[in-house]
Amino acid sequence: MPVDTAVLHRFSLRAPLVATLAGAVLSLSGCSMFGGAKDPVVPVSTSPDSGAQTVQASKLQKFLWIFSPYRPDIQQGNFISQEMLTQLKVGQTREQVKFLLGTPLLTDVFHADRWDFPFYLARGDGELTSSRVTVYFKDNKVEKFDGGNLPTEKEYIARIAGPSKVAAKEAPKREEAGSASIKINK
């Protein structure tokens, strides 16, 4: 009989403790304000050399994501790659800019000669990416544009889908092909 009371006494103390810890982990994993993420929106800098900004989730946030509900990736705005920005030239018309970069997301009545192309990508794992390209017009022609250091299209696809496994396998083949000699028969 004394053994049963000792076992029951240990069990009666452990069960509430385990339940409390499990409840705390589950409640904190669903809370977006936990782990230093006080401002879920990344401020978009308008300085010309800022480029794309990426904020990664901390290790604790990544661990707690196991216990949280599904969060889809949210993309807003126009993604503008470095290749698209290099095609933009001073002196192009508004129609040419619209063809290259798409319809501007922000057009202001008070600043009719300015188009803003903001971009925001919130991954389900907590990673936030934002960028902004601003095009200034004078007499309906591009006067200047700001964009900074934007990612290439391959970098953007790798960020969304992950690094390509096919490209990783082909990389050693390219090195071998570059070192091989070519024999031409006449």
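Residues numbered from 1 in each chain as written. Predicted model: local features only at pLDDT ≥ 70, side-chain atom pairs only at ≥ 80, totals over all residues. Heavy atoms only, no water.

Using the following cut-off: UniProt positions are given in the numbering used here, feature names are shortened, and annotations may be inferred rather than shown by experiment.
The name given to the chain in an unreviewed UniProt entry is Outer membrane protein assembly factor BamE, and the organism recorded there is Massilia frigida. Under the UniProt heading Sequence similarities (unreviewed entry), the note attached to the chain is "Belongs to the BamE family." Quoted verbatim from the Function (unreviewed entry) field of the UniProt record, the comment on the chain reads "Part of the outer membrane protein assembly complex, which is involved in assembly and insertion of beta-barrel proteins into the outer membrane."

## Let's talk about the overall build of the chain
Here is the rule: The numbering of helices and of strands both runs from the N terminus, where a helix is a DSSP run of H or I of at least 4 residues and a strand a run of E of at least 2. For every residue, the accessible area (1.4 Å probe, protein chains only) is compared with the maximum for its type, and the residue is labelled buried under 20%, exposed over 50%, or partly exposed between those bounds. Throughout, a contact is declared for two residues whenever any of their heavy atoms are within 4.5 Å. Per-residue accessibility takes into account occlusion by the displayed protein chains alone, with areas from the Shrake-Rupley method and a 1.4 Å probe.
The secondary structure content of the chain amounts to 6 helices and 6 strands. Along the chain, helices (α) and strands (β) appear in the sequence α-β-α-β-α-α-β-β-β-β-α-α when read from the amino end. A burial count over the chain gives 24% of its 186 residues as buried. When contacts within the chain are restricted to residue pairs at least 6 apart in sequence, those whose partners lie at least 24 apart make up 62%. A total of about 13,500 Å² of accessible surface is found on the chain, and carbon and sulfur atoms cover 61% of it.

## Focus on the nonpolar core
Defined as follows: Residue types Ala, Val, Leu, Ile, Met, Phe, Trp, Tyr and Cys, when buried and joined through side-chain atoms within 4.5 Å, form a set referred to as a nonpolar core.
Membership of the largest hydrophobic core comes to 14 residues, with the highest contact counts inside it found for Ile-80, Leu-88, Val-97, Leu-101, Phe-117, Val-133 and Val-135. Going through the elements one at a time, α3 (82-87), α4 (94-101), β4 (114-122) and β5 (128-138) are the ones with two or more residues in this core.

## Brief notes about the packing of aromatic side chains
Inclusion rule: Two aromatic rings, drawn from Phe, Tyr or Trp (for Trp, its six-membered ring), form a pair once their centres lie within 6.5 Å of each other, and the interplanar angle then sorts them: stacked below 30 degrees, edge-to-face above 60, tilted otherwise. For a lysine, the NZ atom is tested; for an arginine, the CZ atom; a charge sits over a ring if that atom is within 6 Å of the ring centre and within 35 degrees of the ring normal.
All told, the structure shown has 5 aromatic pairs when counted by the stated rule. Where Trp-115 meets Phe-117, the ring centres are 6.5 Å apart and the plane angle is 75°; that geometry is what we call edge-to-face. On the basis of relative accessible area, Trp-115 is assigned to the buried category, the value being 8%. Between the NZ or CZ atom of Lys-144 and the centre of the ring of Tyr-136, over which it lies, the distance is 4.8 Å.

## A look at the side chain of Thr-129
Residue placement: Thr-129 occurs in strand β5. When near neighbours in sequence (up to four residues on either side) are disregarded, Thr-129 contacts Gln-53, Thr-54, Phe-119, Tyr-120, Leu-121 and Arg-159.

## Notes on the confidence of the model for the chain
This is how the line gets drawn: Note: pLDDT gives the predictor's confidence per residue, expressed from 0 to 100.
Averaged over every residue, the pLDDT of the chain is 74; the share at 70 or more is 65%. Mean pLDDT in the chain bottoms out at helix α6 (residues 165-179), which sits at 54, and peaks at α4, which reaches 93. Across residues 32-48, where pLDDT falls below 50, the model places 29 contacts with residues more than four positions away in sequence or in other chains. Between residues 174-179, whose pLDDT stays under 50, and residues either more than four places distant or in other chains, the model counts 0 contacts.

## Focus on unusual backbone geometry
What you tend to see is this: most non-glycine residues have negative phi, and most peptide bonds are trans. In the Ramachandran plot, Asp-139 falls in the positive-phi region, its phi being about 55° despite a non-glycine side chain. Following the sequence through the fold, Asp-139 ends up in the loop between β5 and β6 (141-146). Judged by its relative accessible area of 68%, Asp-139 is exposed. Look at Asn-140: it is not a glycine, yet its phi comes out positive at around 60°. Here Asn-140 lies in the loop between β5 and β6. Among the residues examined, Asn-140 registers a relative accessible area of 46% and is labelled partly exposed.

## Re the pairing of β4
Within a regular strand, side chains alternate between the sheet's two faces. Selection rule: Any two strands between which DSSP finds at least two bridges are classified as paired.
Most of β4 sits inside the fold, with 8 of its 9 residues counted as buried. Where strand β3 (residues 106-107) meets β4, 2 bridges bridge the pair, whose relative direction is antiparallel. Bridged to Thr-107 within β4 is Trp-115. Counting the residues that bridge the hairpin from β3 to β4 gives 6 residues. Where β4 folds back onto β5 in an antiparallel hairpin, the turn is made up of 5 residues, including Gly-126, whose phi is positive at roughly 100°.

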